[in-house]
Each structure stands twice: as C-alpha cells, then as structure tokens.
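Each chain is listed here by its residues.
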Amino acid sequence: MTTATILPTPATFPRVLLPANPRANPIDLAAAVEAGAFAGLRAAVEDLKADGVINAIAESGMLGRGGSGIGRSRGVGEKWRACARATSDQHYVVVNAYQSDPAVLTDRVLIETNPFAVLEGAAIAAYAVGASEVIVAVRVEAADSIRVLETAIAAAEEAGYLGGDVLGSGTEIRVSVKPLQGAYMLGEETVLLKGLEGKRGQPEQQPPYTTTRGLFGKPTLIHGPQTFAAVPTILNGGLAGFAETSPRAFAGTVLVQLSGAVVHPGIAEVPFGTTIREIVALAGGIPTSHRLKGLLIGGPSGGILPAEGLNLVFNHENLEKAGAHLGSGSIVVIDQHSCVVDLAAVLTRFCADEACGKTIPCRIGLRRLAEIGARFCDGQPRGDDVTRLLDLSHDIVESALCDHERCATLALQSVVRYFRDELDAHILRNSCPAGICHPKAETRAAAVS
Ligand code: SF4
C-alpha cells in the first residue's frame, strides 16, 4: 500500500472522504455496506432519479476539490447538469486519479483506503448524466491503487451495485481502470482525455467544455476522486451536519498533504473553513528549532505565501486572492534554512520543463521566466529583471491556453510580492540569507573556470 501517514484530526472534523478506520480492509464490501456504502446510490436509483440527484448536488454548493480552476467557476452540480443535457448516444464519466504533482499521494491514499466511496460517487454521477461507462484513470506506477480498484469493482459488480443491472434498475454502469503513463500535464483534464484516446497529450481550448465534447468527442463528466467520494455523503444528507464549520460556498472537506518543516508529515482530511494554522497544527506544528518563513501551497505550480499565511482560511477563493491555489492540496512548510528565491526558481524551471509546448507564450515565456529565476540565484541578475519578470508573467497569464501556464508564474510572482527583502538581497547584495544560492553560484563559477 502507498506509504503515507494519515494524521489524526479533531472529533469536530467530519469524515467524508477517508473511512472512520483507515486501517480497515478497504475491499471488504460487506463491511463497507454495513458502514453505509452504496446507500447514496440506492437513494439515487430508487428515490431521487437523475434530476433529483443533480438538484441535490447543485444545492450542496460543492465545488471540485482539485486542480487550479477549470470547472470551478461552474459548481459541480452545474457541470453535471450540462453533461446530462448534452445530446449524444454515449456519455462518459472519468475519474481523474492521475495526480501528477511529485510526491503528492492524497488521491492514492483515498483510493486505497476508501475505494467504494469513489466508485459509488462515480456510479451516482454516471446514473445522473446517463453514462453507461466509468473510467478511472490512474498512474501506471500506482500499482496498489490499481489492485484495490480492480478488486473493489469486481466485488461491487458481483453484488449488483455496478454492472449490467445496477440495483435491479435495468441501468448499466460499467467501471474500468485505465493505467496511464506520461508527463506532468496528464493531470490536466483535456490532456487526460487525450491520453485515454491514445493521442498526444496537449490541452484543448475550453469551451467547448468536456461536458459537451470530451472523451472521443462525447459528453464527459470528469472530476478527481475526492469530488466523487464526497457525493454519497451529500445524497445521504450528511453535509448539513457540518455547515457551521464549512461555509456553504465551500461545502465539504478536502485532503491536504503536509510536508517540509513540520513535526509529523502526513495527510489529513480538513473541512473548508479551517485556517492553515489549524491544518499545520495537525502535523504537530513546526519543530521548535525552526522558524517559519513561508508556505508553498498548491504543488509545483503553486504560490509561496509568507508566514502570515497561517491565518488564511483554507478555501479556493482565499488561496487564489493570496496568489496560490488549492491544486493537489499540498502544503509545504518552509523554514529559515530554505531560500524562497531558489525554491521559486526551481519550481519555475520544473513548470517550464513540463509545459507541453503547444502555445508559444508558455513554451518560450516560461523558459525566459525560469532564466530570470536562475539569474537571481546565480548572482547574475540584470537591473530590470523584476520588471521583466512581472511583465512577462502578466503576458503569459493573459495568453494562457490552460491552467498550467496561468499557475506556473505564481512562484516567482509570490517572491516579488511577499519576499522582496530576500529577493533584494540576491539582486542588490548578491547574497542569499539562507546560504543556499551564493555557494551554488560560486560552485558553478568554479566549475566553469
Ligand atoms: S499553456 Fe503551456 S502547457 Fe498549456 S497548452 Fe500551452 S504550452 Fe501547453
């Protein structure tokens, strides 16, 4: 099984995504049904019917859990309604479990501890939008996730929760697992669909949205596993119970992965509305010998917030305003031993390397941006590099075809916005307060000479 610690959370935090006992056998269908699995699917098929399901999801106010923006402007319910209304002989539901952010394991942990919640949510979605086929796309390296999913699907089919006659309703919902291998960009939904079609992985302009023209040109509903796993709880009426801790506009919970300068790195399920300070405390806080410098939020294409970011309430809107995004739910705590300029330069280089190359402002612009970051760290900044960085970032964002381009500029922009002293030390005094960049520059210079 994927090795990651699931952090304990206060009793007041609802458990929607992770099971009450993460150590229980995840593929024991009888135990899962005993705990309430597939009650939401039964309610959908026997009582609510397709329209009722979509109305319930829309009324919940749920937004997609992952990613950096696409689809979020439309709530989950609206997305489902658009897919259901699209006329076609075939609809698809796709679970985007590719999760390409390096070392982020939230989706794998969810799938490997609570596969039936993901499958039930996807089956409910398929029933609501009229899809007979559900595809769970996972990384080929996630062998445990694949094994758990395949076993869980077989058990659910045998029990009549999935397959040719779901709960005796005559509805067909076939679920399959598709392991994919490829680049970072496969996490983007239109790229993932291309990957499933066996085509070159480059994003498509939206609109038309995937809900009307998706996999093989057919209407396709695509979400991450966390979004699907929350669906059964909504149909079972569970969300009302934590409305107080989770404001309606950001209903529900999300998995976060804490790493960096924390006592106990791990994964936790937290309700939207929790402050980042509370979230970091779940990992035991910051070791006493370390001083908090910043927080990288949203993975490699995320933003770096200053220490005051601890007071931020964790939700899509606040993160975006602060210059980060939810992304994969990753929070890296940065201490005094790390250089944020070096970190931002490395992240920008990563994003430039991973850009698919389809659009010129991203392909060339991110490369130039990465060069500016490298100049800060190498002790070779030019006088107008900060202005150039901001202008270039603006142009890249304005011409973005996909969210990768929009977000790839966040790291260096957040250094200009929040860490100007540290950046100026690199530019004006050719020094690195954390002692990271200057030695690196000297080593490189020595290697050249
Ligand atoms: S913005 Fe970048 S990653 Fe997105 S399609 Fe264009 S080149 Fe590819």
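Quick note: structure is the one above.
The following paragraphs examine the structure supplied in this document. On a predicted model such as this, the values are computed, not experimentally measured, just so you know. (Residues numbered from 1 in each chain as written. Predicted model: local features only at pLDDT ≥ 70, side-chain atom pairs only at ≥ 80, totals over all residues.)

This part covers the site of the ligand. Taken together, the neighbourhood of the ligand is formed by 15 residues, with Cys356, Thr359, Cys362, Cys402 and Glu405 sitting nearest. Of all the secondary structure elements, the ones that give two or more residues to the shell around the ligand are helix H12 (360-378) and helix H14 (403-408). Within the shell around the ligand, the residues separate by chemical class into 8 nonpolar, 4 polar and 3 charged. When residues are assigned to domains, the shell around the ligand turns out to be shared by domain 1 (29-237) and domain 3 (340-443), each giving three or more. (Near = placed C-beta within 6 Å. Helix = DSSP H or I, 4+ residues; strand = E, 2+ residues; numbered from the N terminus. Nonpolar A, V, L, I, M, F, W, Y, C, P; charged D, E, K, R; others polar. Domains from an automatic or database assignment.)

A word on the environment of Leu48. For Leu48, the position within the fold is in helix H2 (residues 39-60). Note on Leu48: 19 C-beta atoms within 10 Å, which makes it partly exposed. Setting aside residues up to four positions removed in sequence, Leu48 forms contacts with Ala43, Val53, Ala56 and Leu235. (Buried ≥ 20, exposed ≤ 12 C-beta atoms within 10 Å, placed from the backbone. Contact = placed C-beta atoms within 7 Å.)

Right, let's talk about H12 for a bit. Taking 1.5 Å per residue, 19 residues should reach 27 Å; H12 reaches 26 Å between its end C-alpha atoms and fits that length. Along H12, the residues that are buried comprise Cys362, Gly365, Leu366, Leu369, Ala370, Ile372, Gly373, Phe376 and Cys377. (Expected span 1.5 Å × (residues − 1).)

Looking at where Arg15 falls in the secondary structure, it is placed in the segment before helix H1 (29-34). Spatially, the C-alpha atoms of Arg15 and Thr190 are 31 Å apart, while their sequence positions differ by 175 residues. Discounting chain neighbours no more than four positions away, the residues touching Arg15 are Ala20 and Glu269.

Turning next to the nonpolar core. In terms of nonpolar packing, the biggest core is built from 141 residues, with Ala122, Ala123, Ala125 and Val134 touching the most fellow members. Sort the elements by how many residues they give to this core and helix H5 (residues 115-129) lands first, with 12 residues. (Core = buried A, V, L, I, M, F, W, Y, C linked by C-beta atoms within 7 Å.)

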